[in-house]
Amino acid sequence: MSKRKSTVISDSITVKSRRVTAEGSVDAPDDRNHQGPSSNKPTHSATGDIGLIESITVKNFMCHYLLGPFQFGPNVNFIVGNNGSGKSAILTALIVGLGGKATVTNRGVSLKDFVKSGENTADITVKLRNRGPDAYKRDIYGDCISIEHRISVDGCRTCRLRSKSGQLISNKKEDLTAILDHFNIQLDNPVSILNQEMSKQFLHSKSEADKYKFFMKATLLEQMKRDYIHIKHTKTVTRQQVERQEECLKDLKQEFLQRKERYENVSSISEMKEVLENLKKTMAWCLVREKEQLVQQLKEDIEKEENNYKYQDNLQLCQTKVIQVEKTLQCIKRRIDSVRDEQESLSEDNLKLKEQVKIVRKSHKEQELVYFRALNKLKQSEQEQNLLWEKINKAKTSGSLNSEGETEYMKQQKTLSHLKEQLAELDNKCLQLNHEIKGNHQALFKGREERDKLRLEERNVQVSYESKLKRKHQLLASRSNKLKRFGDHVPDLLGSIAETYATGSFVKKPVGPIGACISLKDPTLAVAVECCLRSFMKAFCCDNFKDEAVLQDLMSRYYPRGNRPQIIVSPFSEKVYNIRGRKACHPDYPSVLDIITATSPVIINCLIDMRGIESILIIKEKERARKVMQQGWPPKNCREAFTAEGDQVYPNRYYTCDFSMAKFLGGDLETEISMLESDLENHQAQMSRFQLHETSVTEDILNMETKLNSTIMTLKKTLASVNQVKATITELETVGEEQSDDINSLEEVAQENQQKIEAEKQIVNEAKTEYDKQQKMSEDTDSRYSSVRERIDQLSEDIEPLKDEQLKLEAECGKYEQNLKISEHKLKSHEDNIQAMRSELSQKEEELQEYVAKATEISPERQQVTGSTKSIDMEITRLKKKIKVYESSHGEPEQVVREYAEALALYREKTNQVKDLRRFIDRLDNIMSDRQNRYKIMRRSLSVRCKLYFNNFLIKMNCCGSMIFDHNNETLSISVKPPGREDDGVSDMRSLSGGERSFSTVCFMLSLWEITESPFRCLDEFDVYMDMHNRRISLDLLLELSERQHLRQFIFITPLTTSNLPKTSLIKIHQLQDPERVQSQSGDEDV
């Protein structure tokens, strides 16, 4: 097989020739004995224990769901079934299962064509027998090698080699190739496996050249011929390379002679080199002297710096000033603290007194109101008494009154007194009704306020319910399209953008929404990222304002004005901005830029411009976020941070997130939908409770309104009664004045009034006493409150100078502390400088020791140095140049010797190589000549044996014929004369019937089987065109051959019946069921 041809040509020739020459060395059989070569020479398959096919199993292969497992017998196997039942599929599976290409099967151009439609993979399992002394690695594989192939729908396949116990041994193609080579299995050799297409191409072809090619391919002579051609070509190339090497050898010899001449003419330059060595010794001790001077100077500088105490004095002075200022500052702070403590104490007293003042003033006003009411009532009674005495005096002066007049007057006075009492009762009733109306108004106001509050809460819950319901619908829609998370119209909008971009309306295609273009490296931070980006999740990016106008027009089709996604206009860039100098850096916490990935650099650049994601950190824990951002200085370039719950943290403030689940970047869709359904149920329950409560409050409001209206009507009626009573009193008083007064009655009334006035005076005096007492108490309380306020104001005025002085002292203290730090820094720098000088001194001393050691190594005795290093270096440079010029013309002695030795060795090596190649080519010519002769002898031997076997098989049909090989023109002519037409001149196979032609083809195949080796042979539908007579003869021939070669395995595929076969244990028939495209099963029948 060409695919397993070794890289070493000689090995390939040996392997290929061994398989054929084993047959070629056997003499041709006679007509009486048809024993094949396998019975004459023991090969690695002589025992029949290796390379036989034990079973084949296929799944989802071609159009079959399952075929097998087929347990093949060790000798003859017939696979019988109607067309489409899977006969050829088994043969194809055998080729593919043993590693063959799809083109070898002639059933497809690619392996993916063998995968059953609708399936992803096809599986093939082939088991080969591995017994006897020639078994392949029997200690590893056991008595059976299982070869498993899996073919994927994309055309890839994987191979697994398992032992008999099912243990995986290897999955390498090389190991399978080694097994096939060991078992002498040749998949592309038609002698081993002959399918229908190969039979049509070669055996049923009318071309004599095709038949000759088939013969050459079956006997592997074609492979040997290609190998010999390749060897000849390689020999020609090698001969050309040798000729080129011979030309190069002439130049190499000339170079060798030149270097030999230089080697013989080299002169010594030892004198100049000796002077150069002496100068190098002097140079070494001169460098030691300079290094000693440098060390001494450094020691003097260190001593001078150590004696400088200026920095220590400045530090002590600053420390003294800082201590003094701190003491003064502490005193001021203690005074301020004492004043503040007093202020706090007075503030508490002030609050208490303020409340007390309010209470006392209220009592004072109430008592004042009582006092003035009593006083007014007293004055009114006195006025009435005065009027009454005037009437009495007037009556006395006017004369006596008749008895009837006196009686009428008394009645009027009693009626008037009764009406006044009734008026007082009506006034009290009006007052009570007013209080009741006021209380009803307040209750009604509270009820309406509670109802409005309930309606507002219900409206908020309703808005939240509608929002979450809309979100739920978006999530349900996003099951099929994730873009609907960003809005119901987003997929349609993106489709319109793509269509518009295809028409050329956009300069550059807009990108968005941003949330759909980004993904998270850590999905647990989705809430934090959404809280950070907020409205930018739905935003779109445009390259220019023209594209923005076009995008606005597209959005107007789907969104109303004022409710459209945001559009960000910024020139697109193919690279992410360089933010190295302004990125927030923290060793433990990433920035938002670090945890997101985007489909385009445009998205990253847009978020950097609009949100500054490179300066925002993500810190999962709240406590850590507060500690990092608010305790001390925030990290460099960091202006804010977000927690995993979405809380926003600034250096001086903290904002809590208002939602707990990611809307756009969340991964668990079903969990979010279930949570939304739970929230919707809660909202519905809340709205139901609000509606019930609102209904109850509305009923209470209606009851209160009814009660208020009733009270108002009662008040109106009472006021009408008051007006009527007042009118009656006025009328009676007017009538009483016109009538004559009864003096006695008036005097009695006057006496009663006097007693009433005395009682009212007593009440007024008591009210006056209580009023004076309340007024004094109010004045005392006001006085104490004023004194406390004055003290508080005085303390506030006193603390201001102290605060000013504190600020002044703190500034002065800060100044001194700054000077102290500067002094400490200067002192530390001074000490570091001394330490650095000491370190440098140590280093210089070590270098001095190294210089001394090197100088001692160069010259053990110290040289007396007179000149400087510069002059010595100039002299060394001059000598080196002089030596270099001399060596450039003659070369260094060591180099000249080395080059001469190298040139001599190279010349000898190349000369030997050319001689060896010449001898190899001559020997190869002799070998190839001998091989060509052997090849021709072997070709002639195989063709003669093939003729003899062919004629022998035709005799069984009572036919005669011939087989003519023309090796020069590479043709094979086969002529056959049927029975009864031996004397006819017709000999072409085209004149034969279909059955006779098929029988002749079988005879040709059997002839090739007799002269070639293979552990098994497969023949597909060999008898399809034969009549029953020819088919019976062909079967007899095949069974006879199988009996002679009972250690080999034969697999015959036929659609015809096998009922005429003999009953023997060597024959096994596999009857396939009629074709079913859904599932195909096979049954085995042992005969």
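Analysis parameters
- Residues numbered from 1 in each chain as written.
- Predicted model: local features only at pLDDT ≥ 70, side-chain atom pairs only at ≥ 80, totals over all residues.
- Heavy atoms only, no water.
- Helix = DSSP H or I, 4+ residues; strand = E, 2+ residues; numbered from the N terminus.
- Buried < 20%, exposed > 50% of the residue type's maximum accessible area, 1.4 Å probe, protein only.
- Contact = heavy atoms within 4.5 Å.
- Pairing = 2+ DSSP bridges.
- 1 Å grid on protein atoms, 1.4 Å probe; cavity = no way out; pocket = protein on both sides within 12 Å on 5 of 7 lines; lining within 4 Å.
- Points joined across faces, edges and corners; volume = space filled by probe spheres on them.
- Nonpolar A, V, L, I, M, F, W, Y, C, P; charged D, E, K, R; others polar.
- pLDDT = per-residue confidence, 0-100.
- Phe/Tyr/Trp six-rings, centres within 6.5 Å; stacked < 30°, edge-to-face > 60°.
- Lys NZ or Arg CZ within 6 Å of the ring centre and 35° of its normal.
- Polar contact = N/O pair within 3.5 Å; in protein donor to acceptor, adjacent residues only side chain to side chain.
- Axes fitted to C-alpha atoms, helices over the stretch in contact; angles between N-to-C directions.
- Salt bridge = Lys/Arg side-chain N within 4 Å of Asp/Glu carboxyl O.
- Arc of directions from axis to C-beta.

**Q** Explain the overall build of the protein chain residue by residue, including any values.
**A** From N to C terminus, the protein chain includes 23 helices and 22 strands. Looking at the 1087 residues of the protein chain, the share that counts as buried comes to 40%. When contacts within the protein chain are restricted to residue pairs at least 6 apart in sequence, long-range pairs at least 24 apart make up 76% of them.

**Q** Report on the pairing of strand β17 (residues 960-966), specifying residues and quantitative values.
**A** Looking along a regular strand, one sees the side chains alternate between the two faces of the sheet. Of the strand pairs in this sheet, β17 and strand β18 (residues 971-977) are connected by seven bridges, and their pairing is antiparallel. Looking at the pairing, phenylalanine 965 lines up with leucine 972 of β18. Joining the antiparallel neighbours β17 and β18 is a turn of four residues, in which glutamate 970 adopts a positive phi near 60°.

**Q** Which residues make up the layout of surface pockets, and what values go with them?
**A** Put simply, the second largest pocket is a space of about 1,100 Å³. Taken together, 33 residues form the lining of the second largest pocket, with Ser467, Arg471, Lys538, Lys663 and Phe664 sitting closest to its centre. Secondary structure elements with two or more residues in the lining of the second largest pocket: α11 (403-477) and α18 (669-738). In terms of residues, the lining of the second largest pocket owes the most to one element, α11, which gives six residues. Residues belonging to the lining of the second largest pocket are distributed by class as follows: eleven nonpolar, nine polar and 13 charged.

**Q** Describe the confidence of the model for the protein chain, listing the residues and the values that go with them.
**A** Residues shown with low pLDDT carry predicted positions that ought not to be read at fine detail. Mean pLDDT over the protein chain: 78, with 85% of residues reaching 70 or higher. Of all secondary-structure elements in the protein chain, the lowest mean pLDDT belongs to helix α1 (residues 9-24), at 34, while strand β10 (residues 540-542) reaches the highest, 93. Overall, residues 1-47 carries pLDDT values under 50, and its contacts beyond four positions in sequence, including any with other chains, amount to 88 contacts. With pLDDT under 50 throughout, residues 399-406 is counted as low confidence; its partners more than four residues away or in other chains account for six contacts.

**Q** I'd like a description of the sheet that holds strand β13 (residues 616-618), backed by residues and values.
**A** Taken together, four strands build an open sheet; the order of strands is β13-β14-β15-β16 and the sheet is mixed. Looking at strand neighbours, the two that pair on one side only are β13 and β16 (654-655), the edges of this open sheet.

**Q** Account for unusual backbone geometry, naming residues and giving values.
**A** Backbone torsion omega between glycine 68 and proline 69 reads 5°, so that peptide bond is classified as cis. Of note, proline 69 is situated in strand β2 (residues 64-71). Residue proline 513 is reached from glycine 512 by a cis peptide bond, and omega for that bond is -10°. Mapped onto the secondary structure, proline 513 falls in the loop between α12 (490-502) and β9 (518-520). Look at asparagine 184: it is not a glycine, yet its phi comes out positive at around 60°. As for its placement among the helices and strands, asparagine 184 is situated in the loop between α5 (173-183) and β8 (193-194). Of note in the backbone geometry, glutamate 970 takes a positive phi value of approximately 60° without being a glycine. Within the secondary structure, glutamate 970 sits in the loop between β17 and β18. Residue class for glutamate 970 comes out partly exposed when judged on its relative accessible area of 33%.

**Q** Describe the packing of aromatic side chains, and please don't skip the residues or the numbers.
**A** Summed over all chains, the structure comprises eleven aromatic pairs. Arranged with centres 5.3 Å apart and planes meeting at 45°, the rings of phenylalanine 78 and phenylalanine 1052 form a pair that is tilted. Linking phenylalanine 78 in strand β3 (residues 76-80) with phenylalanine 1052 in strand β20 (residues 1049-1054), this pair joins segments that are 974 residues apart in sequence. Sitting over the ring of tyrosine 654, arginine 626 keeps its end group 3.8 Å from the ring centre.

**Q** Please set out the side chain of glutamine 648 residue by residue, giving values where relevant.
**A** Within the secondary structure layout, glutamine 648 lies in strand β15 (residues 648-649). Using a relative accessible area of 18% as the deciding quantity, one classes glutamine 648 as buried. A polar contact is formed between the side chain of glutamine 648 and the side chain of glutamate 640, at a distance of 2.7 Å. There is a polar contact of 2.8 Å between the side chain of glutamine 648 and the side chain of tyrosine 650. Setting aside residues up to four positions removed in sequence, glutamine 648 forms contacts with Arg611, Glu640, Ala641, Phe642, Arg653, Tyr654 and Tyr655.

**Q** Describe the pairing of β20, with residues and values.
**A** Across the six residues that make up β20, a large majority, six, are buried. By the alternation rule, side chains of β20 split into Gln1049, Ile1051 and Ile1053 and Phe1050, Phe1052 and Thr1054, which are all buried. As paired strands, strand β19 (residues 1016-1020) and β20 are joined by five bridges and run parallel to one another. Opposite aspartate 1020, over in β20, you have isoleucine 1053 as the bridge partner.

**Q** Explain the environment of aspartate 134 to me, and be specific about the residues and the numbers.
**A** Mapped onto the elements, aspartate 134 comes out in the loop between β4 (121-130) and α4 (138-141). Along the chain, aspartate 134 and phenylalanine 183 lie 49 residues apart, while their C-alpha atoms are 9.2 Å from each other.

**Q** Before we move on, could you go through helix α2 (residues 87-97) and cite the residues and values that matter?
**A** Counted residue by residue, α2 has eleven buried out of eleven residues, so it is predominantly covered. The set of residues buried in α2 consists of Lys87, Ser88, Ala89, Ile90, Leu91, Thr92, Ala93, Leu94, Ile95, Val96 and Gly97. Phi turns positive, to about 100°, at glycine 99, one or two residues after α2.

**Q** Tell me about the side chain of aspartate 647, and please be specific about residues and values.
**A** Summarising the element assignment, aspartate 647 is placed in the loop between β14 (640-642) and β15. What makes aspartate 647 buried here is its relative accessible area of 3%. Polar side-chain contacts of aspartate 647 include one of 2.8 Å to the side chain of tyrosine 654. Excluding residues within four positions of it along the chain, aspartate 647 makes contact with Lys622, Ala641, Phe642, Tyr654, Tyr655, Thr656 and Cys657.

**Q** Let's hear about the sheet that holds strand β6 (residues 157-162): which residues, and what values?
**A** Read across the sheet, six strands follow the order β2-β1-β4-β5-β6-β7 without closing on themselves; strand pairing throughout is antiparallel. Here the strands that pair on one side only, and so sit at the sheet edges, are β2 and β7 (168-170). Shown here is a sheet whose adjacent strand axes are inclined to one another by a mean of 25°, direction ignored. Alignment of strand β5 (residues 144-152) against β6, held across six bridges, turns out to be antiparallel. Bridge pairing links serine 146 to arginine 162 in β6. Where α2 meets the sheet, it contacts β1 (50-61), β2, β4, β5 and β6, and its direction lies at approximately 110° from that of β1. Helix-sheet contacts for α5 involve β1, β4, β5, β6 and β7, and the interaxial angle to β6 is about 60°.

**Q** So what about the pattern of salt bridges? Which residues, and what values?
**A** Inspection of the entire model under this criterion finds 25 salt bridges. One salt bridge in this structure joins arginine 131 and glutamate 54, with 3.9 Å as the shortest N-O distance. You can see arginine 131 sitting in the loop between β4 and α4 and its partner glutamate 54 sitting in strand β1, a full 77 residues away along the chain. Of the residues examined, glutamate 54 reaches a relative accessible area of 17% and is grouped as buried. In this structure, lysine 583 engages aspartate 594 in a salt bridge whose closest nitrogen and oxygen atoms are separated by 2.7 Å. In this pair, lysine 583 sits in the loop between β11 (567-569) and α15 (592-595) while aspartate 594 sits in helix α15, placing the two residues eleven residues apart along the sequence. On the accessibility criterion, aspartate 594 (27% relative accessible area) is partly exposed. Salt bridges sharing partners connect three or more residues here, namely Glu54, Arg129 and Arg131.

**Q** So, helix α14 (residues 545-555): which residues are in play, and what are the values?
**A** Among the residues making up α14, those that are buried are Asp547, Glu548, Leu551, Leu554 and Met555. The buried residues of α14 occupy one face: seen down the axis, they fall within an arc of 120°. Residues of α14 that are exposed and point more than 90 degrees away from the buried face comprise Phe545 and Lys546. For α14, the elements touching its buried residues are α12, β10 and β11.

**Q** Talk me through the environment of isoleucine 567; I want residue IDs and the actual numbers.
**A** Within the fold, isoleucine 567 resides in strand β11. For isoleucine 567, a relative accessible area of 14% corresponds to the buried category. Considering only alpha carbons, one finds isoleucine 567 and cysteine 542, 25 residues apart in sequence, at a separation of 7.0 Å.

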